[in-house]
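If you want the building blocks of each chain, they are given just below.
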Amino acid sequence: MSGLSPRQWTGLALLAALAIALPFAFEPRGYGIRILCLALLFAAMAQAWNIVAGLANQISLGHAAFFGIGAYTSTLLLIHFGITPWLGMFAAAILGGAAALLISLPTMRLRGHYFALATLAFGEVMRVIGNSWGGLTGGPVGISVPFAQPSLALMQFRETRSSYWLMLAALVVVTLVFVAIKRSRLGYRLRAIKENADAAEVIGVDTTRTKIIAAVISGALTAALGTLYAQFQFFFDPDTVFGVASVSVRMAMIAIVGGIGTAAGPILGALFVIPLEEFANQVFSAQAAGLSQLVFGLLLILVILIEPRGFMAIGPRLQRLLRKGDRR
Amino acid sequence: MTAALLEVSGVGKRFGGLQALSDVSLSVAAGEIVGLIGPNGAGKTTLFSTLVGLHRPESGSIWLGGRDLVGLKPHRIAAAGMVKTFQNVALFLDSSVLDNVLTGGLMRHSIPAARDLARRCLERVGIDSIADKLARDLSFPERARVEVARALCTEPRILLLDEAMAALNHAEMDAFMALLRQLREEGLTLVVVEHHMRAIMALCDRLVVLNFGQMIATGTPEQIARDPAVVEAYLGRSAA
Ligand SMILES: Nc1ncnc2c1ncn2[C@@H]1O[C@H](COP(=O)(O)OP(=O)(O)OP(=O)(O)O)[C@@H](O)[C@H]1O
Ligand SMILES: [Mg+2]
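A.B. asks: Where do I start with the site of ligand 1 in this structure?
C.D. replies: Residue and element names in this part refer to chain B. Among the 14 residues in the neighbourhood of ligand 1, the closest are listed as G41, K44, T45, T46 and Q87. Note that an oxygen atom of ligand 1 is positioned 2.9 Å from one of the backbone N or O atoms of G43. Here an oxygen atom of ligand 1 sits 2.9 Å away from a polar atom, N or O, in the side chain of Q87. Elements with a contribution of two residues or more to the shell around ligand 1: strand 2 (18–29) and helix 1 (44–51). The greatest single-element share of the shell around ligand 1, amounting to 3 residues, is contributed by helix 1. When grouped by side-chain class, the residues that make up the shell around ligand 1 number 5 nonpolar, 7 polar and 2 charged.

A.B. asks: Is there a simple way to think about empty space enclosed by the protein in this case?
C.D. replies: One simple way to see leftover space: roll a probe sized like a water molecule over the atoms. Residue and element names in this part refer to chain A. Applying the stated criterion across every chain yields a total of 4 cavities of 30 Å³ or more. Quantified by volume, the largest cavity comes out at close to 120 Å³. Surrounding the largest cavity, 15 residues form its lining, H63, F66, I103, F115 and T119 being those nearest its centre. Take the lining of the largest cavity: its biggest share by element is 4 residues, from helix 4 (residues 85–107). Class assignment of the residues belonging to the lining of the largest cavity gives a composition of 8 nonpolar, 7 polar and no charged.

A.B. asks: Looking at this structure, how should I read the sheet that holds strand 1 (residues 4–15) of chain B?
C.D. replies: All names here are of chain B. If you walk across this open sheet you meet the 4 strands as 2-1-4-5, and the pairing is antiparallel. Both edges of this open sheet fall to strand 2 and strand 5 (67–68), since each of them pairs with a single strand only. Bridging between strand 4 (residues 59–64) and strand 5 involves 2 bridges; their strand directions are antiparallel. Note on strand 5: the bridge partner recorded for L64 is R67.

A.B. asks: Explanation requested: helix 1 of chain B in the structure shown.
C.D. replies: Because an α-helix completes one turn every 3.6 residues, residues spaced three or four positions apart along the sequence face the same direction. Residues and elements named next belong to chain B. The element helix 1 is extensively covered by neighbouring structure, given that 7 of its 8 residues are classed as buried. All buried positions along helix 1 are accounted for by K44, T46, L47, F48, S49, T50 and L51. Immediately downstream of helix 1, the backbone of G53 shows phi near 95°, a positive value.

A.B. asks: Please explain the packing of aromatic side chains as it appears in this structure.
C.D. replies: Residues and elements named next belong to chain A. For the structure shown, the criterion picks out 7 aromatic pairs over all chains. Their ring planes at 70° and their centres at 4.9 Å tell us that Y72 and F236 sit as a pair that is edge-to-face. One end of the pair, Y72, is in helix 3 (residues 64–81); the other, F236, is in strand 2 (residues 235–236), with 164 residues separating them in the sequence. Of the residues examined, Y72 reaches a relative accessible area of 5% and is grouped as buried. Summarising the aromatic geometry, the rings of F272 and F311 are spaced 5.1 Å apart at their centres and angled 85° between planes, so their arrangement reads as edge-to-face. With F272 in helix 13 (residues 265–284) and F311 in helix 15 (residues 311–327), the pair connects residues that are 39 residues apart, well separated along the chain. The rings of Y72, F236 and F242 are connected pair by pair, giving a single aromatic cluster. Above the ring of F232, the side-chain terminus of R34 is found at 4.2 Å from the ring centroid.

A.B. asks: Explain the coordination of the magnesium ion (ligand 2) to me, please; I cannot follow it from the model alone.
C.D. replies: A four-donor tetrahedral metal ideally has 109.5 degree angles, and a six-donor octahedral metal ideally has angles of 90 or 180 degrees. All names here are of chain B. Within the protein, the magnesium ion (ligand 2) binds to T45 (OG1) and Q87 (OE1); these donor distances fall in the range 1.9 to 2.1 Å. In this pair, T45 sits in helix 1 while Q87 sits in the loop between strand 6 (82–84) and helix 3 (97–105), placing the two residues 42 residues apart along the sequence. A residue is classified by how much of its surface remains accessible, and T45, at 29% relative accessible area, is partly exposed.

Cut-offs and rules
- Residues numbered from 1 in each chain as written.
- Chains lettered and ligands numbered in written order.
- Predicted model: local features only at pLDDT ≥ 70, side-chain atom pairs only at ≥ 80, totals over all residues.
- Heavy atoms only, no water.
- Near = heavy atom within 4 Å.
- Polar contact = N/O pair within 3.5 Å; in protein donor to acceptor, adjacent residues only side chain to side chain.
- Helix = DSSP H or I, 4+ residues; strand = E, 2+ residues; numbered from the N terminus.
- Nonpolar A, V, L, I, M, F, W, Y, C, P; charged D, E, K, R; others polar.
- 1 Å grid on protein atoms, 1.4 Å probe; cavity = no way out; pocket = protein on both sides within 12 Å on 5 of 7 lines; lining within 4 Å.
- Points joined across faces, edges and corners; volume = space filled by probe spheres on them.
- Pairing = 2+ DSSP bridges.
- Buried < 20%, exposed > 50% of the residue type's maximum accessible area, 1.4 Å probe, protein only.
- Phe/Tyr/Trp six-rings, centres within 6.5 Å; stacked < 30°, edge-to-face > 60°.
- Lys NZ or Arg CZ within 6 Å of the ring centre and 35° of its normal.
- Donors = N, O, S within 2.8 Å, 3.2 Å for Na, K, Ca; no water.

And the structure:
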């Protein structure tokens, strides 16, 4: 029920060793390792999204709001007060959680498409605010993280490898949070809400409170990841960090492609989607504007059509097919 | 009558143009088994849903053990000790039977304690052998019993059963009635909606009859069986 078998522990240990050693197979300042960093970051983001969407089936399309809040919070604290991004990340999480609480109050009663649309609108409002409140955010031209001597204290690194390990650690933390929630009373309650909200209420689940707690955790984690993004890219603008396509939909897409509601889903999804996107960009961007996005979109649609429950469902499905084959 | 555990007075509930409940008043004493009967569409399920807070009545009051429940959310009413089962069965289909029942126990217990309690509830209802099955894979009678086990796992003071025996055969029904009597011995109060008159007559201390959202009679099973208005509205048809 809770513990893993010795074989699973061995597998997990090997996987961890592989993940830690992986950067050494890449050129230290190359492009490949940067893609890998982004894949890990987006895996963590999709995992944070998974807490609300995967467990309670509240499909948010506004998580960019929290991500952007996180990126701006730590960056502004660093610029104006010289506060280290490590502390900035905590401030980001607190603000992200507060924003999630605020948006939860009016949207928690909404289900399905209505919830998705309301959260989408919230993300867009944040993007507009980010663009128009130039005095604070620097407006559409974007903002730069002040460059310092590479140091762990300021979360700036000489080698991309170090960023990779930071992203890896973030992914592990968010995944552990997801697994812990899934197994807790909160997780049981979220599943009950997902499967039958009225029945859940009648047997004593405070559905509103449960959804808000999950949303706040999810929003806080997403904002903290926004800080990591800012420290990794050094430059960003409102359209990127508050973007529907660049953040909100991508988070959802990654979790869905990999397997929504599962711990491994967002990880598999990100390792597939992010490199694929880069590949489509490189191969097709020379041909015609927009062609790479079209190809990328078509590939994703294909994956969803083949297995709507994502990669995580393909394994069991193959096993079933093989067993059928054996019987013949 | 002794002090009522549940005191419903003047409750009205309207769906658009349909007056589903009008001026319904009834009181249930602690330890009683009350049968709620009436033809299809009489408002029995609506009354249950209103009592547990899924619907908010336009008028009237609902008191449980000296506390007004109108306007409270269902989870607060569950915490106060009143829970219903769903006539059309509302299980968590992608969860195991044990997890379904366990979720009922989480209101008052940690996961391990709720799991122990859930196993006991499954045993009592006689379905501990299917604890690990997925709710989705169950037959309808099995599902109905999981509903009952899940409701019991919330440790209610008063349990509202909406046709929980609908799909049971005679032997199962007798066993189920024995369970309800046993639960009553242990202090549970029950309100039971059921169309099987044999079961209702044998089980209940008192019957309440609804017709077109109105209470048309209340009394002992013998009194109700002889009541001309009830025979006209309900019994006449099912007995014929
Ligand atoms: N949510 C709702 N919205 C609109 N009308 C409803 C709703 N629920 C019930 N009704 C209507 O209210 C009336 C009472 O329905 P209810 O389900 O309470 O009857 P019932 O006595 O439980 O019947 P049955 O014996 O068939 O279960 C019916 O006319 C029904 O169509
Ligand atoms: Mg009914």
